[in-house]
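Overview (structure and organization)
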Amino acid sequence: MKRRLSIGLAVVLLLAVVAVIVWDRGGDENTELTTVRGVIGSEKLAFFSDKRVADAFAEHGLKVEVDSAGSRQIANMDLGKYEFAFPSSSPAAQRIQRDHQVTGVHTPFQSPMAVATFEPIVNLLSANGIVRKGAGDYQVLDIAKYLELAQKGTRWDQLPGNTAFPARKNVLLTTTDPRESNSAAMYLSIVSFVANGNNVVSTPEAEAKVLPAVSKLFIDQGYTQNSTEGPFEDYLAAGMGKTPMALIYESQFVDRLVRADGSIRPDMRLLYTAPTVYSKHTLVPLKPNGDQVGRLLATDPELGKLAATFGFRTGDPRLFADVVAAAKAPVPADLVDAVEPPSFETLERLLDAVKKQY
């Protein structure tokens, strides 16, 4: 009798434990998440769309929904329905911060501008003194010497000793449309700095001085796409003949190396511009829940690791270093020759002036 009673009690206890576990799991699945809406630069869409990122936010009770737009567009659009704005450049973020009287922002990750190219192009430009060794174990495109070629309208087939790429088109970086894209604005920041005697453009006189040189770099390209994904996909798919040099975010190249999907072939190379500019992804909180998203992106270890796997340099350099080491990506830990972009207002005037040249 006692044995039967003990067995019965054990069964009841077991069923109670199972019921608690099932109820607890059901509660987790049905937990109400707080939806937070934001608008982001398009190059971060893959990150925010990743299930692992969604799960990491859910651990903190958040469901983050985003729309994407160009950084210039974000800075000038009606943000009333959003709880945070997350453009890809600090000038655009500063404009939003000022217009909406926001005191604090978050810069959880950043990416320097870089050049996706090919080994024969690197060898050719090195032989002509346009590509050289950087401050670390990486190579750079010397923007001052590149500008000299571009201003003369030098074609690839006019470079001395060129047997690798005798194309009858100008030596130009392929960029995006300066009227639409943040990466083109970052390129404008780089070339205007060099054209202005290695000084950030900050006066109307300096703007007028650099405008003819920087406009030519865009207009001579002909048609340009409105997102950096366009020229980068051309680079990956069509190869050297179509896109010998594409201006991209470093994160795009690193992301593909981390994926190890075969899209980065053995002859593909990553250069940095000298100088370069960091595209600083700056989140401007417009409401308290948006501020929580920014704080999590900046401090949560799991979100930091995930950002690094998408090629972004995070606030903790070790996260990015671990990712590139695991992927055996030839990416430097630090870039010494980096400059700041002009103010948002200066960039807007320059971009508008370039636009009028089309």
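Presented here is a report on the structure given in the accompanying data block. (Residues numbered from 1 in each chain as written. Predicted model: local features only at pLDDT ≥ 70, side-chain atom pairs only at ≥ 80, totals over all residues. Heavy atoms only, no water.)

1. Structural notes on the packing of helix 9 (residues 204-219) against helix 15 (residues 344-357)
In contact at an axis separation of 9 Å, helix 9 and helix 15 are set at 55 degrees when each is read in the N-to-C sense. Regarding the angle of helix 9 to helix 15, the classification is oblique. As for how helix 9 packs across helix 15, the hand of that crossing is right-handed. Listed contacts from helix 15 to E207, V210, L211, V214, S215, F218 and I219 of helix 9 are T346, R349, L350, A353, V354 and Q357. Class assignment of the residues belonging to the contact of helix 9 with helix 15 gives a composition of eight nonpolar, three polar and two charged. (Axes fitted to C-alpha atoms, helices over the stretch in contact; angles between N-to-C directions. Helix = DSSP H or I, 4+ residues; strand = E, 2+ residues; numbered from the N terminus. Parallel < 35°, antiparallel > 145°, perpendicular 65-115°, else oblique. Left-handed = near helix turned anticlockwise from the far one by under 90°. Contact = heavy atoms within 4.5 Å. Nonpolar A, V, L, I, M, F, W, Y, C, P; charged D, E, K, R; others polar.)

2. Let's talk about the pattern of salt bridges
Counting across every chain of the model gives 25 salt bridges. With a shortest N-O distance of 2.6 Å, R256 and E233 are connected by a salt bridge. With R256 in helix 11 (residues 250-259) and E233 in helix 10 (residues 229-238), the pair connects residues that are 23 residues apart, well separated along the chain. For R256, a relative accessible area of 12% gives the class buried. Taking the relative accessible area as the measure of exposure, E233 reaches 32% and is therefore partly exposed. (Salt bridge = Lys/Arg side-chain N within 4 Å of Asp/Glu carboxyl O. Buried < 20%, exposed > 50% of the residue type's maximum accessible area, 1.4 Å probe, protein only.)

3. Re the environment of Q357
Note that Q357 resides in helix 15. Note on Q357: relative accessible area 43%, which makes it partly exposed. When the C-alpha positions of Q357 and Q110 are compared, they lie 31 Å apart, and in sequence the two are 247 residues distant. Aside from chain neighbours lying at most four places away, what touches Q357 is L211, S215 and I219.

4. Here we look at the pairing of strand 4 (residues 106-118)
One face of the sheet, then the other: side chains in a regular strand alternate in exactly this way. Extensive coverage of strand 4 is indicated by the burial of eleven of its 13 residues. With five bridges joining them, strand 4 and strand 9 (residues 276-285) adopt antiparallel strand pairing. Bridge pairing in strand 9 places Q110 opposite K280. Pairing of strand 4 with strand 10 (residues 313-314) involves two bridges; the strand directions are antiparallel. (Pairing = 2+ DSSP bridges.)

5. Describing empty space enclosed by the protein
Within the structure shown, the criterion is met by one cavity of 30 Å³ or more. Empty space within the largest cavity amounts to approximately 80 Å³. S71, R72, S89, P91, A92, N182, A185, M186, F344, L347, E348 and L351 together form the lining of the largest cavity. When contributions to the lining of the largest cavity are tallied by element, the ones reaching two or more residues are helix 4 (71-76), helix 5 (90-99), helix 8 (182-195) and helix 15. In terms of residue count, the dominant contributor to the lining of the largest cavity is helix 15 (four residues). Across the lining of the largest cavity, the residue classes tally to seven nonpolar, three polar and two charged. (1 Å grid on protein atoms, 1.4 Å probe; cavity = no way out; pocket = protein on both sides within 12 Å on 5 of 7 lines; lining within 4 Å. Points joined across faces, edges and corners; volume = space filled by probe spheres on them.)

6. A few points about the packing of aromatic side chains
Two measures describe an aromatic ring pair: the distance that separates the ring centres and the angle between the ring planes. For the structure on display, the rule yields twelve aromatic pairs. Centroid distance F48 to F57: 6.4 Å. Interplanar angle 10 degrees. Geometry classified as stacked. Neither residue differs from the other here; F48 and F57 are each classed as buried. By way of ring pairs, the aromatic residues F47, F48, F57, F86, F109, F310 and F312 are connected into one cluster. Sitting over the ring of F86, K44 keeps its end group 4.5 Å from the ring centre. (Phe/Tyr/Trp six-rings, centres within 6.5 Å; stacked < 30°, edge-to-face > 60°. Lys NZ or Arg CZ within 6 Å of the ring centre and 35° of its normal.)

7. Quick look at the layout of surface pockets
Quantified by volume, the largest pocket comes out at close to 340 Å³. In this structure, the largest pocket is lined by 17 residues; those nearest its centre are K169, T174, Q221, Y223 and K242. Along the wall of the second largest pocket there are 22 residues; nearest its centre are G70, E180, S181, N182 and N226. Sorting the residues of the lining of the second largest pocket by element identifies helix 4, helix 8 and helix 15 as the ones contributing at least two each. Top element by residues in the lining of the second largest pocket is helix 4. It accounts for three residues. Its residues assigned to classes, the lining of the second largest pocket comprises two nonpolar, 13 polar and seven charged.

8. A look at the environment of A167
Tracing the backbone through its elements, the reader meets A167 in the loop between helix 7 (143-152) and helix 8. Of the residues examined, A167 reaches a relative accessible area of 17% and is grouped as buried. Through-space distance from the C-alpha of A167 to that of P244 is 9.9 Å; in sequence the pair is 77 residues apart. Excluding its chain neighbours within four sequence positions, the residues that come into contact with A167 are R155, W156 and D157.

9. Quick word on the pairing of strand 8 (residues 268-274)
The buried count for strand 8 comes to six of seven residues, which makes it a mostly enclosed element. Sheet topology note: the strand 4/strand 8 ladder contains five bridges and is antiparallel. Directly across from A116, in strand 8, lies its bridge partner L270. Pairing analysis gives three bridges linking strand 6 (residues 139-142) to strand 8, with the strands arranged parallel. In the strand pairing of strand 8, L141 is matched with T273.

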